[in-house]
Amino acid sequence: MGEVAAETRKQSLVFAVNRQRFELSDVDPSTTLLEFLRYQTPFKSVKLGCGEGGCGACIVLLSKYDPALDQVHDSTVSSCLTLLCSLNGCSITTAEGVGNSKDGFHPIQERFAGFHASQCGFCTPGMCVSLFSALVNADKTNRPEPRPGFSKLTVTEAEKAISGNLCRCTGYRPIADACKSFAADVDMEDLGFNSFWKKGESDEVKLSRLSSYNPNNASSKFPEFLKKEIKAGACLASKDYHWYSPASLEQLQSLLQENEANNGNSVKIIVGNTGVGYYKELELYEKYIDLKYIPELSIIRKDQTGIEIGAAVTISKAIEALKGENQGDYHLESKTVFKKLADHMEKIASDFVRNSGSVGGNLIMAQRKRFPSDIATILLPVGTIMNITTGQKLGKLTLEEFFARPPLDSKTILLSIKIPCWESRRDISSETDTKLLFETYRAAPRPLGNALPYLNAAFLAEVSFCRSSTRVMLNDCQLAFGAYGTKHPIRARKVEDFLTGKLLNVDVLFEAIKLLETTVIPEDGTSSPAYRSSLAVGFLYEFLSSLVHTPAEIPGGWRNGYSIAVLNGDSNSENYNKFNGIKFPTLLSSSKQVIQSSKEYHPVGQPITKAGAAIQASGEAVFVDDIPSPSNCLYGAFICSTEPLARVRSIKFKSGSPPVGVTALISVKDIPGKNVGCTSIFGLEPLYADEHTQCAGERIAFVVADTQRHADLAANLAVIDYDKENLEPPILSVEEAVERQSFFEVPPFLNPEQVGDFSKGMAESDHQILCAEIKLGSQYYFYMETQTALAVPDEDNCMTVYSSNQCPEFAQDTIAQCIALPANNIRVITRRVGGGFGGKAIKAIPVAAACAVAAYKLQCPVRTYLNRKTDMIMAGGRHPMKITYSVGFKTSGKITALKLDILIDAGAFADASILMPSLILGTVRRYDWGALNFDIKVCKTNLPSRSAMRAPGEVQGSFIVEAIIEHVASTLSIEVDSVRNINLHTYNSLGFFYKSIAGEPLEYTLPSIWDKLATSSDFYQRSEMIKEFNRCNIWRKRGISRVPIVHEVNVRPTPGKVSILKDGSIVVEVGGIELGQGLWTKVKQMTAYALSLIKCGGTEELLEKVRVVQSDTLSLIQGGFTGGSTTSESSCEAVRLCCNVLVERLTALKERLLEQMGSIEWEALVLQAHLTSVNLSASSLFIPEFSSTHYLNYGAAVSEVEVNLLTGETTILQTDIIYDCGQSLNPAVDLGQIEGAYVQGIGFFMLEEYPTNSDGLVTTNGTWTYKIPTMDTIPKQFNVEILSSGHHKKRVLSSKASGEPPLTLAVSVHCATRAAIAEARQQLLSWSGLDGSNSTFQLEAPATMPVVKELCGLDSIQKFLKWTMGTK
Ligand SMILES: Cc1cc2nc3c(=O)[nH]c(=O)nc-3n(C[C@H](O)[C@H](O)[C@H](O)COP(=O)(O)OP(=O)(O)OC[C@H]3O[C@@H](n4cnc5c(N)ncnc54)[C@H](O)[C@@H]3O)c2cc1C
Ligand code: FES
Ligand code: FES
């Protein structure tokens, strides 16, 4: 390999992790930093959430030292994409390095705990590292010194720091507050509920209570030993591990030539390696060439002709350069162009991708592979020049020429790009009237990025003002569009030519738009093509409309609020924060949390910080995949069917022989016992497809290899030979299931009862809607920790299985059947679960069983951690359904009868689907329908088997009833809120619909919540203001909606065990699993309360003495499953029963000791009890009384949204919730459950699409296509009040559930969106001279941007312009 190799041979890779030195001499160059940290170091805080740069769970702080400047550069990067070999001489800080239990937690971690910002904890280490990096970098700036205890960070930066990190549990608000608590410009009053202070305390007191922050301690602490080594000329990478870091173009060329001579294709050129997040590597490369050290590729050069940026410069550095302060010499207009390019680039991906992803990498991906790049589009109209080299030849191309070439070969290297300044392209003098306008646009599911755009655009125009006509002349323009389903970004030449030299007016704009319609046409196969084309029109309109001389008052009373607002930089829906007198837009405004804590059962009722929150924040909390692999451990990956119904003839690998590292292929024939993937009360499911596959995504086999990567790669290389001969066609829709009578039978006891007389109700009605249809899709759990298990064979044919699982008992039973052993040979252990939401109940069992079967066959430990794609394909998710309804109602809006025909797509296996009818009905009955008649069929199809997902059936029920209410209101042209009002239950009608579950009259709190919420949210005043807003704005419409919930839950038997150890500490086991919902915290509180009833000294300290331990199916039996929102309270009750027994056992001794000693402390009492052989361990099985197994929960929400009619984007401006928690066991935990559930509901109603292809195979299978809410998509103001509704004698210490019901409240966002759309449609019709006041339409869930835009009118701009031209 010539010079390079000779120079660097024998050297090794040196770097630091958490200030610890690592030196490696033999490294597989394809090893990622994540793999190294997780498998070869004790630092497990870097979590694998997606493996594609889309979630932030794996991020670390990467610090580089510049010996010339003696400076350290710190930034976050995703360890799942960063290759280890690229880190020579670098220092890595993980969450453990930020702070830990041994050396002390960092205030970041303490504040995450204190602000209740961690639930399952899987995202928390990544969040903490993001914030840490933001603090480190802010505190390095020369901004004014902040107040003591704060950082130089601003609130805006604090919010943005975590905007690329996903959290599925919390709903983000508390996380944002924890981050903002460090910001110098924060108003402490704005920070939400926390365990540090009480509302109303002074800022000084608040600050004194916060875990203190000293900016001087926030540095990344680059290790001195590494600095010394770097100064002494630290090594470059060595040939030994096939990693090359050429330091010059010549070296690079010689490497490339040598590779060519060796005919080697297996070389990969990289900079940040983030491209693999999108283009997954299905094979491994032999050699890697890192371009970062070649000076020509790393330059940033500014001269009077423009800015040159090296191809290896990261996007973050490019942003810095384009925004740079030392641009004094450029013309103002050029500076504006540079700044706008930078602003747009800040919306690309997330901070941690931009910090390592290069500008060149992005453009090469766009050139070679058609990547829908933002950078490519925005650089197109500004005359960018590309400097490339092929072999010895250097070349310059315009960006258009660059894209016009066939895909560049591997020898062609992009050296740099040059963005010219305007003055270098045009001869402009200061006297000229010519102005340069430049804007960039992108429409994406998430405004702040980490979402590829549906379309992006950039427009540059030179305009001058024509005094004679008082109009604007367009002298020249360049219009670029990209990412809309086109090979490369394009210039809209026809439109440019048409516009050039024109005086702008509405007619010209109209003609230009007509031309554009024929230009921006997505290629076949692109999703939402018409929507994307309409976006192009919207953006051009937005750009030019302010230049068109439109009268401020347009006849008919409309003001063009949109364009004026946008072009004047007016941000109606943005919040602002002041810092040093400057206003910064913030993502969220201050929110209100109202809770009442009760001392009656102290410490139950107190907002105690979540147990284990700090170790979750430091990443020390152990999840299943964090358990170190036992020696000789193997790793498995599932091979899934792509066919819905077929025989499997054979499974082979593409190469013919088993791929690298593969040890075994386990399938149905390797199961020693029964082929069961799960056993539950609901039915069986095979572990592996037997004779036939039953759906696409079904498990066919489990390939076992020496590493998880090898197993995953092998699974990808598997080729299945299917045979479909003589098989019936698969059932791929509910309609086909009906035709073929393919249903799961619902046992009578699970069939809900009809209510009232439907025919009579219909006869009483004044109006009827007959046979209206709606459809609902699925939703994926998106727990941050994917399915995982570790099975370890033990002596005497026993097996220990560590499983991330909501029902370990069912897993134990299943595994025992699979390997034909008694259940007492199988121990299933679950400590904590990184988010479940129902997806780790039935669906986690086959994962555990597959590991156990493989471990049994191979007689060695076997584990698996599913990659996100496989997890999404196998998960099933929520039940899609088709609903047909007929409803009768009076002119007043009072509904008299409702009939529902519901076809539920259960998929191929029963799972929990037979529960769906009663779950749906539990929610549908929330209104007084007069009479309610229904026919619900659970269809058995050859589609993925669906399972319970948080609020199963209930969220769909919520959608159904609100859609019907809205339909009734629009038919009658009356306010929908009045229809809701009139149909709310009285206590009598509640009893009629819910029978005995309705409880006591005083317990029916919904009417008071309903009224209270109207007042606390200013519902009526805001409704009026919205009318005014809508009257004054054309392209933004707002809607508001108030919805109630009545949500039935079911309490199940649950076991518990409490043991008091000799030193007075207490260990507790419960049937419930800690999923992040705070179950352990509530159980701890209950244990402390119930044992404190012994009434001796020191019991006030008991909370600190309680430890809840992992669930172990051989230690505590009959654990059942954790779900349905009530396992926390039933686990608490089980523990209370145990404690009662212990108190009773201790009482006689205590009395005796009291008599003897006058007083007795807890520890002394316990010691005496041990000495006198009192049994200090008690177990129980809580069985709820028959009359209290079901109860109702109440709440209501008001949401206000704003819809952008040009893009279809919906912004949630405000949500107010009041939710009845009875007497909350822990208001902090319940608040977290309410907010988190609600945001998950927003995902279902607004964002998350989980479709399948025509064979039923899931097609959105990663973070690129599946978009859960992020910080920038939650309500800007989010106010939650937990109502304490006093005494409920049949409930556990008067408490009520909070885990699922609030999720269904998110329907209020959907309804508010519908209201805003209705306004838009009315406006649209008015432009055609039609009255749209009673227009009825269906709004699908999720109401994504394309869906909303389509309903608002894909051609609304054209209609508006026509109307404007007509009224002139
Ligand atoms: C989660 C995520 C979200 C993203 N979102 C967006 C987005 O919204 N908009 C957007 O525009 N982009 C987005 N990106 C793409 C991102 O900008 C690119 O991944 C990144 O810029 C690539 O740079 P890199 O240095 O990591 O390239 P690498 O991954 O190192 O390389 C990418 C490819 O380019 C080749 N290559 C790299 N440099 C050169 C060179 N100088 N000459 C020749 N070949 C070269 C490599 O061989 C490789 O084939 C996203 C990426 C991720 C991971
Ligand atoms: S695991 Fe790396 S970003 Fe998701
Ligand atoms: S706490 Fe964020 S994903 Fe669970």
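Residues numbered from 1 in each chain as written. Chains lettered and ligands numbered in written order. Predicted model: local features only at pLDDT ≥ 70, side-chain atom pairs only at ≥ 80, totals over all residues. Heavy atoms only, no water.

## Topic: the overall build of the protein chain
Inference 1: If you tally the helices and strands in the protein chain, you get 44 helices and 49 strands.
Inference 2: Its C-alpha radius of gyration of 32 Å places the protein chain within 12% of the 34 Å reference for a compact globule of 1368 residues.
Inference 3: Principal-axis analysis of the C-alpha atoms gives the protein chain an extent of 100 × 85 × 80 Å.
Inference 4: Out of the 1368 residues in the protein chain, the part that is buried amounts to 63%.
Inference 5: Of all intrachain contacts in the protein chain linking residues separated by at least 6 positions in sequence, the fraction that spans at least 24 positions is 78%.
Inference 6: Accessible area of the protein chain: about 48400 Å², with a carbon and sulfur share of 51%.
Inference 7: Averaging the positions of the 134 positive and the 149 negative side-chain charges in the protein chain gives two centres separated by 1 Å. (Helix = DSSP H or I, 4+ residues; strand = E, 2+ residues; numbered from the N terminus. Rg over C-alpha atoms; globule rule 2.2 N^0.38 Å. Buried < 20%, exposed > 50% of the residue type's maximum accessible area, 1.4 Å probe, protein only. Contact = heavy atoms within 4.5 Å. Areas by Shrake-Rupley, 256 points an atom, 1.4 Å probe, with all protein chains shown as cover. Lys, Arg positive; Asp, Glu negative; His and termini not counted. Charge placed at Lys NZ, Arg CZ, Asp CG, Glu CD.)

## Describing the sheet that holds strand 7 (residues 267–270)
Across a sheet, strands are paired by hydrogen bonds formed along the backbone, either parallel or antiparallel in direction.
Inference 1: Strand order in the open sheet made by the three strands is 6-8-7, with parallel pairing throughout. Each edge of the open sheet is held by one strand with a lone partner, namely strand 6 (243–244) and strand 7. (Pairing = 2+ DSSP bridges.)

## Comments concerning the sheet that holds strand 41 (residues 1036–1050)
Inference 1: Ordered in space as 23-49-48-47-41, the five strands form an open sheet in which the pairing is mixed. Sheet topology places strand 23 (593–594) and strand 41 at the edges, where each strand pairs with a single neighbour.

## Concerning the site of ligand 1
Inference 1: Every one of the 37 residues lining ligand 1 counts as a neighbour, but I269, V271, T274, S358 and D374 are closest to it.
Inference 2: Separating an oxygen atom of ligand 1 from a backbone N or O atom of G275 is a distance of 2.8 Å.
Inference 3: D374 is positioned with one of its backbone polar atoms (N or O) 2.7 Å from an oxygen atom of ligand 1.
Inference 4: Among the elements that take part in the shell around ligand 1, helix 15 (residues 359–369) stands out by supplying five residues, more than any other. (Near = heavy atom within 4 Å. Polar contact = N/O pair within 3.5 Å; in protein donor to acceptor, adjacent residues only side chain to side chain.)

## Considering the pattern of salt bridges
Inference 1: Going through the model one piece at a time under the given rule, you end up with 75 salt bridges.
Inference 2: Salt-bridge contacts for D343 lead to K339; the nearest nitrogen and oxygen are separated by 2.8 Å. With D343 and K339 both in helix 13 (residues 332–345) and four residues apart, the pair spans about one turn of that helix.
Inference 3: Overall, the relative accessible area of 43% leaves K339 in the partly exposed class.
Inference 4: Close ionic contact of R493 with E496 constitutes a salt bridge, the shortest N to O distance being 4.0 Å. Residue R493 and its partner E496 are located together in helix 19 (residues 493–499), separated by three residues, close to a single helical turn.
Inference 5: On the accessibility criterion, E496 (3% relative accessible area) is buried.
Inference 6: Here the salt bridges do not stand alone but share partners, grouping R1022, R1036, R1038, E1200, E1202 and D1216 into one network. (Salt bridge = Lys/Arg side-chain N within 4 Å of Asp/Glu carboxyl O.)

## Observations regarding the pairing of strand 36 (residues 826–830)
Inference 1: Judged by how many residues are buried, strand 36 sits mostly within the fold: four of five residues are covered.
Inference 2: Taken together, the four bridges between strand 35 (residues 798–803) and strand 36 define a ladder with parallel strand orientation. Looking across to strand 36, one finds that T800 is bridged to R827.
Inference 3: For the crossover from strand 35 across helix 27 (residues 808–818) to strand 36, the handedness is right-handed.
Inference 4: In terms of strand pairing, strand 36 meets strand 45 (residues 1111–1112) through two bridges, oriented antiparallel. Its bridge partner lying in strand 45, T830 is registered against S1111. (Right-handed = clockwise from strand over helix to strand, strands pointing away.)

## A look at the packing of aromatic side chains
Inference 1: Considering all chains together, one arrives at 48 aromatic pairs under this definition.
Inference 2: Taking the centre distance of 5.5 Å and the plane angle of 85° together, the rings of F22 and F36 count as edge-to-face. With F22 in strand 2 (residues 20–24) and F36 in helix 2 (residues 33–40), this residue pair connects regions lying 14 residues apart in the sequence.
Inference 3: Site record: aromatic cluster; members linked through ring pairs are Y780, Y781, F782, Y783, Y1250 and Y1266.
Inference 4: Here the guanidinium or amino end of K840 rests over the ring plane of Y783, the centre of that ring lying 4.4 Å away.
Inference 5: K995 extends its terminal NZ or CZ atom over the ring of F992, reaching a point 5.8 Å from the ring centre. (Phe/Tyr/Trp six-rings, centres within 6.5 Å; stacked < 30°, edge-to-face > 60°. Lys NZ or Arg CZ within 6 Å of the ring centre and 35° of its normal.)

## Notes on the state of the cysteines
Inference 1: Scanning the model with the defined rule gives zero disulfides in all.
Inference 2: In this structure C179 is not part of a disulfide, and its nearest cysteine sulfur, from C128, lies 8.0 Å away. (Disulfide = S-S within 2.5 Å.)

## Here's the deal with the packing of helix 31 (residues 954–972) against helix 32 (residues 976–983)
Inference 1: It is the contact of helix 31 with helix 32, at a shortest axis distance of 8 Å, that shows an interaxial angle of 115°. Like other packed secondary-structure pairs, helix 31 and helix 32 cross with a definite hand, here right-handed. Between helix 31 and helix 32, the contacting residues are E962, I965, E966, V968 and A969 on the first element and V976, V979, R980 and N983 on the second.
Inference 2: In terms of residue class, the contact of helix 31 with helix 32 is made up of five nonpolar, one polar and three charged. (Axes fitted to C-alpha atoms, helices over the stretch in contact; angles between N-to-C directions. Left-handed = near helix turned anticlockwise from the far one by under 90°. Nonpolar A, V, L, I, M, F, W, Y, C, P; charged D, E, K, R; others polar.)

## Describing the confidence of the model for the protein chain
Low-pLDDT stretches of the model should not have their predicted coordinates read in fine detail.
Inference 1: A residue-level look at the protein chain finds 94% of positions with pLDDT of 70 or above and a mean pLDDT of 92.
Inference 2: In this model, residues 1–10 is a region of pLDDT below 50 whose contacts with residues beyond four sequence positions or in other chains number 17 contacts.
Inference 3: In the predicted structure, residues 550–574 sits below a pLDDT of 50 and forms 54 contacts with residues beyond four places in sequence or in another chain. (pLDDT = per-residue confidence, 0-100.)

## Remarks on the side chain of T170
Inference 1: Of note, T170 is situated in the loop between helix 6 (155–161) and helix 7 (173–180).
Inference 2: Residue classification places T170 among the buried positions, given a relative accessible area of 0%.
Inference 3: T170 has contacts with A117, S118, Q119, I175, G1232, E1235 and G1236, leaving out every residue within four places of it along the chain.

## Some thoughts on the UniProt feature "binding site: [2Fe-2S] cluster 2" (unreviewed entry) in the protein chain
Inference 1: What UniProt calls "binding site: [2Fe-2S] cluster 2" (unreviewed entry) maps, in this numbering, to C120, C123, C167 and C169. Spanning 50 residues, the annotated positions come together in the fold, the maximum distance between their C-alpha atoms being 9.4 Å.
Inference 2: Mapped onto the elements of the fold, C123 is located in the loop between helix 4 (107–114) and helix 5 (124–140).
Inference 3: Residue class for C123 comes out buried when judged on its relative accessible area of 6%.
Inference 4: Other than its neighbours up to four places away in sequence, C123 contacts L166, C167 and M784.
Inference 5: By the secondary structure assignment, C167 is in the loop between helix 6 and helix 7.
Inference 6: Apart from residues no more than four positions distant in its own chain, C167 is found in contact with C123, M127, Y172, I175 and I1268. (UniProt positions renumbered as here; feature names shortened; annotations may be inferred.)

## Focus: helix 42 (residues 1307–1327)
Inference 1: End to end, helix 42 covers 30 Å across 21 residues, agreeing with the expected 30 Å (1.5 Å per residue, within 8%).
Inference 2: Two residues or fewer past helix 42, G1329 is found with a positive phi of approximately 75°. (Expected span 1.5 Å × (residues − 1).)

## Section: the nonpolar core
Inference 1: Residues F112, F481, L499, F702, L900 and W929 are the most contacted members of the largest nonpolar core, which totals 273 residues.
Inference 2: Per-element accounting of this core gives the leading share, 11 residues, to helix 40 (residues 1227–1247).
Inference 3: Sequence-distant contacts of F702, that is, excluding residues within four places in its chain, are made with G636, A637, F638, A664, L665, I666, Y688, A850, C851, A854, V862 and T864.
Inference 4: Counting residues in each nonpolar core, the second largest holds 56 residues, with Y244, F338, L380 and L436 among its members. (Core = buried A, V, L, I, M, F, W, Y, C linked by side-chain atoms within 4.5 Å.)

## Thoughts on the packing of helix 36 (residues 1079–1092) against helix 38 (residues 1127–1157)
Inference 1: Across the interface, helix 36 lies against helix 38 with an axial gap of 9 Å and an inter-helix angle of 25°. As the angle between them shows, helix 36 and helix 38 are arranged roughly parallel. Handedness of the helix 36/helix 38 crossing: right-handed. Contacts from L1079, K1082, V1083, M1086, T1087, A1090 and L1091 in helix 36 reach T1127, S1128, S1131, C1132, V1135, R1136, C1139, L1142 and V1143 in helix 38.
Inference 2: In terms of residue class, the contact of helix 36 with helix 38 is made up of 10 nonpolar, four polar and two charged. (Parallel < 35°, antiparallel > 145°, perpendicular 65-115°, else oblique.)

## Some points on the pairing of strand 13 (residues 412–420)
Inference 1: With nine of nine residues buried, strand 13 is to be regarded as a mostly interior element.
Inference 2: Where strand 10 (residues 306–310) meets strand 13, five bridges bridge the pair, whose relative direction is antiparallel. Opposite I309, over in strand 13, you have I417 as the bridge partner.
Inference 3: The pairing of strand 11 (residues 385–390) with strand 13 spans six bridges and is antiparallel. By the bridge assignment, T390 is partnered in strand 13 with T412.

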